[in-house]
Amino acid sequence: MGDSAAKSPAKSPTPGRGSPAASPPAAASPNTAASPPAPPANTGVLEVDASSDRDDTDSAFGPGGDVSDTTSLASFIYKYREQNGRTYHAYQSNGEYKPYFLPNDDRENDRLDLQHNLLILTQDNQLFTCPGVKERPVSRVLDAGCGTGCWAIDFADEYPEAAVVGVDLSPIQPAFVPPNVEFFVDDLEEEWNFVHPFDFVYARFLTGSIKDWPKFFRQAYQHLKPGGYIEICDIISPLSCDDGTLTDETPMQRWNTLLLEATQKLGAPLNSALEYKRQLVEAGYQNVVQVEYKWPTNTWPKDKKHKEIGAWNLTNMTAALQALSLMIFTTVLGWSVEEVELLLMDVRKDFKNRDIHAYWPIWIVYGQKPE
């Protein structure tokens, strides 16, 4: 992967995406770099909200609108592949197309923007979790698998002295961005050939897209400055539940189990985050820390913050179900589009059902390259 000349820059005529996050808190003292931040409230077993006045209780939470952008460039990269009414990236390496099961159309891009803000909410208005990043100068940052570019743009706004490089298979990032941001279309699973090392490598929600995580972590290590940090955030399938209200017979769990099985067949399972901490240590990183959060499926928790997270996550997952399922169920599992849509009708009902107390485990793992 190249910084400026070797690969195609992703440009667009649309206004910038992303929403500015709050200013970061004061830096922690140097001897706390390896200590995890305080976890959010109720990261143990979440207490269920037993209130019967559910409609009034839930109405104050969740997003209130949509946005829509798209991109254009005179290149084969922009001749997106279309399947079942959704579009997918067209990136090729040595003339070969790399399949990826998530679409890159406006609906999915809007969802990615919403998901960005959901994670910011989860992290108390912070763009990242690793405290060590705030303790040293940051001049170069890589957003690996940058998607719509929200995180890269927000980071560049907060750290104008840092040059931020975003890389993704799809050129879906905006053109009007801070002057210290640059986007490139490339495959993170190929050999990296960045000329200058980074102070911080950030990646999130790449589960299902990377087959060789140890290679990914080794390449990040090789392109980090001594003392630099890596942070990766991911969701883990299948869904979890602490009180037995989510069973294997529910359409939601059946769908999620099938999705995990299909990604395992592709060699990029959706539970890859279970191994990140061990793989980072084996790659040579030190001070490796794992922080765990929960995204409830709806507003079933009693805790106010998790109720709000659940409201946003319900909107996120309602938009994500078809995007996650269409290509992989039809091409890997051999389902028809009609069969997929019928299952998803029942899955959506489960996601809205407050009597099912399920949640997604969200794990953030970070580590440091030795000085």
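What counts as what
Residues numbered from 1 in each chain as written. Predicted model: local features only at pLDDT ≥ 70, side-chain atom pairs only at ≥ 80, totals over all residues. Heavy atoms only, no water. UniProt positions renumbered as here; feature names shortened; annotations may be inferred. Helix = DSSP H or I, 4+ residues; strand = E, 2+ residues; numbered from the N terminus. Buried < 20%, exposed > 50% of the residue type's maximum accessible area, 1.4 Å probe, protein only. Contact = heavy atoms within 4.5 Å. Areas by Shrake-Rupley, 256 points an atom, 1.4 Å probe, with all protein chains shown as cover. Phe/Tyr/Trp six-rings, centres within 6.5 Å; stacked < 30°, edge-to-face > 60°. Disulfide = S-S within 2.5 Å. Salt bridge = Lys/Arg side-chain N within 4 Å of Asp/Glu carboxyl O. Pairing = 2+ DSSP bridges. Right-handed = clockwise from strand over helix to strand, strands pointing away. Expected span 1.5 Å × (residues − 1). Bend = angle between axes of the 7 residues up to and from the residue. pLDDT = per-residue confidence, 0-100. Core = buried A, V, L, I, M, F, W, Y, C linked by side-chain atoms within 4.5 Å. Axes fitted to C-alpha atoms, helices over the stretch in contact; angles between N-to-C directions. Parallel < 35°, antiparallel > 145°, perpendicular 65-115°, else oblique. Left-handed = near helix turned anticlockwise from the far one by under 90°. Nonpolar A, V, L, I, M, F, W, Y, C, P; charged D, E, K, R; others polar.

An unreviewed UniProt entry annotates the protein chain as S-adenosyl-L-methionine-dependent methyltransferase originating from Chaetomium strumarium. Under the UniProt heading Sequence similarities (unreviewed entry), the note attached to the protein chain is "Belongs to the methyltransferase superfamily. LaeA methyltransferase family."

1. A short note on the overall build of the protein chain
On a plain count of helices and strands, the protein chain comes out with 8 helices and 13 strands. Within the protein chain, buried positions represent 55% of all 371 residues. Summarising the internal contacts of the protein chain: among those between residues at least 6 apart in sequence, 76% fall at separations of at least 24. On the protein chain, roughly 15300 Å² of surface is accessible, and the fraction owed to carbon and sulfur atoms is 52%.

2. Notes on the packing of aromatic side chains
Enumeration over the complete set of coordinates arrives at 22 aromatic pairs. Taken together, a centroid distance of 4.5 Å and an interplanar angle of 15 degrees make the contact between F155 and Y159 stacked. Joined through ring pairs, the aromatic side chains of W192, F194, F198, W213, F216, F217 and Y276 make up one cluster.

3. Side note on the state of the cysteines
Under the defined criterion, the tally for this structure stands at 0 disulfides. In this model C146 remains outside any disulfide bridge; the closest cysteine sulfur is found in C150, 9.9 Å from its own. Of the residues examined, C146 reaches a relative accessible area of 7% and is grouped as buried.

4. A few points about the pattern of salt bridges
In the structure shown here, the tally under the stated rule is 11 salt bridges. One salt bridge in this structure joins R111 and E108, with 2.7 Å as the shortest N-O distance. Here R111 pairs with E108, and both are found in helix 2 (residues 106-122), just 3 residues apart, close to one helical turn. Assessed through its relative accessible area of 7%, R111 is described here as buried. With a shortest N-O distance of 3.2 Å, K294 and D242 are connected by a salt bridge. With K294 in strand 12 (residues 286-296) and D242 in the loop between strand 11 (240-241) and helix 5 (251-266), this residue pair connects regions lying 52 residues apart in the sequence. A relative accessible area of 9% means that K294 is categorised as buried. Look at the salt bridges and you will find they share partners, linking D49, K307 and R354 into a network.

5. Overview of the pairing of strand 9 (residues 198-204)
In terms of burial, strand 9 is largely enclosed, as 7 of its 7 residues are buried. Sheet topology places strand 6 (residues 140-144) next to strand 9; 4 bridges connect them, and they run parallel. Residue pairing in the sheet places A144 in a bridge with A203 of strand 9. A crossover links strand 9 with its parallel partner strand 10 (residues 224-235), the connecting element being helix 4 (residues 213-222), and its sense is right-handed.

6. Focus on helix 7 (residues 304-331)
Under the 1.5 Å per step criterion, the end-to-end length of helix 7 is 41 Å for 28 residues, consistent within 8% with the ideal 40 Å. Maximum bend of helix 7: about 40 degrees, positioned at A320. Helix 7 sits mainly inside the fold: 20 of its 28 residues count as buried.

7. Brief notes about unusual backbone geometry
It is generally the case that most residues other than glycine have a negative phi and that most peptide bonds are trans. Cis peptide bonds are those with omega within 30 degrees of zero, and the linkage from S237 to P238 qualifies with 0 degrees. Within the chain, D124 stands out as a residue other than glycine whose phi angle is a positive 55 degrees. With respect to the helices, strands and loops of the structure, D124 is situated in the loop between helix 2 and strand 6. Its identity as a non-glycine residue notwithstanding, N287 has a phi of 50 degrees, on the positive side. By relative accessible area, N287 is classed as partly exposed at 35%.

8. Here we look at the confidence of the model for the protein chain
Of the residues in the protein chain, 75% have a pLDDT of 70 or more, and the chain-wide mean is 83. Low pLDDT, under 50, characterises residues 1-37; the predicted model gives this stretch 112 contacts beyond four residues in sequence or across chains.

9. Re the nonpolar core
Grouped together as the largest cluster of nonpolar side chains are 62 residues, with contacts concentrated most on F128, F155, F200, W255, F329, F351 and W360. With 9 residues, the top contributor of residues to this core is helix 7. If we ignore the near neighbours within four places in the chain, the residues touching F128 are Q123, V133, K134, W151, F155, Y159, F200, Y202 and E231. Residues V167, I230, A283 and Y285 belong to the second largest nonpolar core, which totals 29 residues.

10. Quick word on the packing of helix 4 against helix 6 (residues 276-283)
Running from amino to carboxyl end, helix 4 crosses helix 6 at an angle of 45 degrees, the nearest separation of the two axes being 9 Å. When the interaxial angle is binned, helix 4 and helix 6 end up oblique. Of the two possible hands of crossing, helix 4 and helix 6 adopt the one that is right-handed. The segment helix 4 lies against helix 6, with W213, P214, F217 and Y221 engaging Y276, Q279, L280 and A283. For the contact of helix 4 with helix 6, the per-class residue count stands at 7 nonpolar, 1 polar and no charged.

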